[in-house]
Amino acid sequence: MTILTVSLLVCAMMAGGDACCWYCVPCHAAPCCWSCLTCSMAEVTSNNSTMPNIEGDKPHAVFIPTPISPTTSCPHNWSKFGQRCFFLEKAKRTWANAQQFCQTIGGNLASIHSAEEYNHLQQMTSEPTWIGGSDCQEETNWFWTDGTTLDFTFWCPAQPDNTKEQCCLQMNTGLGQCWDDIGCSNMQQSICVMSLK
């Protein structure tokens, strides 16, 4: 335990106060997909014996700090568009579990800010897919889970129909491959987003 704590501190100090905590995240193609999340020295030293959980009580994360530099490219298996990275998670989850998964790998369910960005995401998948819009907290008050401004929409005709049972946003619906508000308990794939530093 002492050696682990010392190596954690050394890694964090080598990175100028930041370290990379590697998470083993369950994925569809392998027992785990490794994802690097930035950890401050304080997080590394306080969390070195605590592993976050994903969907249940089994720990799926391992802190293996390594020095990192400011990010200019996307992690492996993420797709870059502008200054943001997108990840298609093919495992089918509810909207809330999809958001939790995205947070675990360092992002949020995707927000979309232009037609060009939406076209980029549509090149990743043509299936109905969770993105990060919701009006569950207040009917007709749509927001993105990553806190960015809702400055672009691509609703299908007569959508959103704003029923209390339908308050989560999916893309690639219908002939127009547009957006629809549906029930949050539906099981489908999702797209996560993270911003580059």
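All of these numbers come straight from a predicted model, not from anything done at the bench.

Visitor: Any details on the environment of Cys 168? Residues and values, ideally.
Guide: Assignment of secondary structure puts Cys 168 in strand E9 (residues 168-173). Overall, Cys 168 belongs to the buried group, its relative accessible area being 1%. Expressed as a C-alpha distance, the spacing of Cys 168 and Trp 95, which sit 73 residues apart in the sequence, is 6.9 Å. Apart from residues lying up to four places away in sequence, Cys 168 is in contact with Trp 95, Trp 130, Gly 133, Cys 136, Trp 142, Asp 180, Asp 181, Ile 182 and Cys 184.

Visitor: Before we move on, could you go through the confidence of the model for the chain and cite the residues and values that matter?
Guide: Here the chain averages 76 in pLDDT, and 64% of its residues register 70 or above. Here residues 1-18 is a poorly scored stretch, pLDDT under 50, and it has 28 contacts once near neighbours within four places are set aside; other chains count. Across residues 40-69, confidence stays below pLDDT 50; counting only partners more than four residues off in sequence or on other chains, it has 73 contacts.

Visitor: Describe the pairing of strand E11 (residues 188-195), with residues and values.
Guide: Within E11, seven of the eight residues are buried, leaving the element largely enclosed by the surrounding structure. Direction of pairing for strand E5 (residues 84-93) relative to E11: antiparallel, over a ladder of seven bridges. Across the sheet, residue Glu 89 finds its bridge partner in E11, namely Ser 190.

Visitor: Please give an account of the packing of aromatic side chains that cites residues and values.
Guide: Taken as a whole and judged by the stated rule, the model has eight aromatic pairs. Between Trp 78 and Phe 87, the ring centres sit 5.4 Å apart and the planes meet at 35°, which makes this aromatic pair tilted. Relative accessible area serves as the criterion here: at 11%, Trp 78 is assigned to the buried category. For Phe 87, a relative accessible area of 10% corresponds to the buried category. Both rings, one in Tyr 118 and one in Trp 179, keep their centres 5.9 Å apart while their planes meet at 85°; by these two values the pair is edge-to-face. On the criterion of sequence distance, the pair formed by Tyr 118 in helix H4 (residues 115-124) and Trp 179 in strand E10 (residues 178-182) is long-range, its members being 61 residues apart. Across the pair, Trp 179 and Tyr 118 agree in class, each one buried.

Thresholds applied
Residues numbered from 1 in each chain as written. Predicted model: local features only at pLDDT ≥ 70, side-chain atom pairs only at ≥ 80, totals over all residues. Heavy atoms only, no water. Helix = DSSP H or I, 4+ residues; strand = E, 2+ residues; numbered from the N terminus. Buried < 20%, exposed > 50% of the residue type's maximum accessible area, 1.4 Å probe, protein only. Contact = heavy atoms within 4.5 Å. pLDDT = per-residue confidence, 0-100. Pairing = 2+ DSSP bridges. Phe/Tyr/Trp six-rings, centres within 6.5 Å; stacked < 30°, edge-to-face > 60°.

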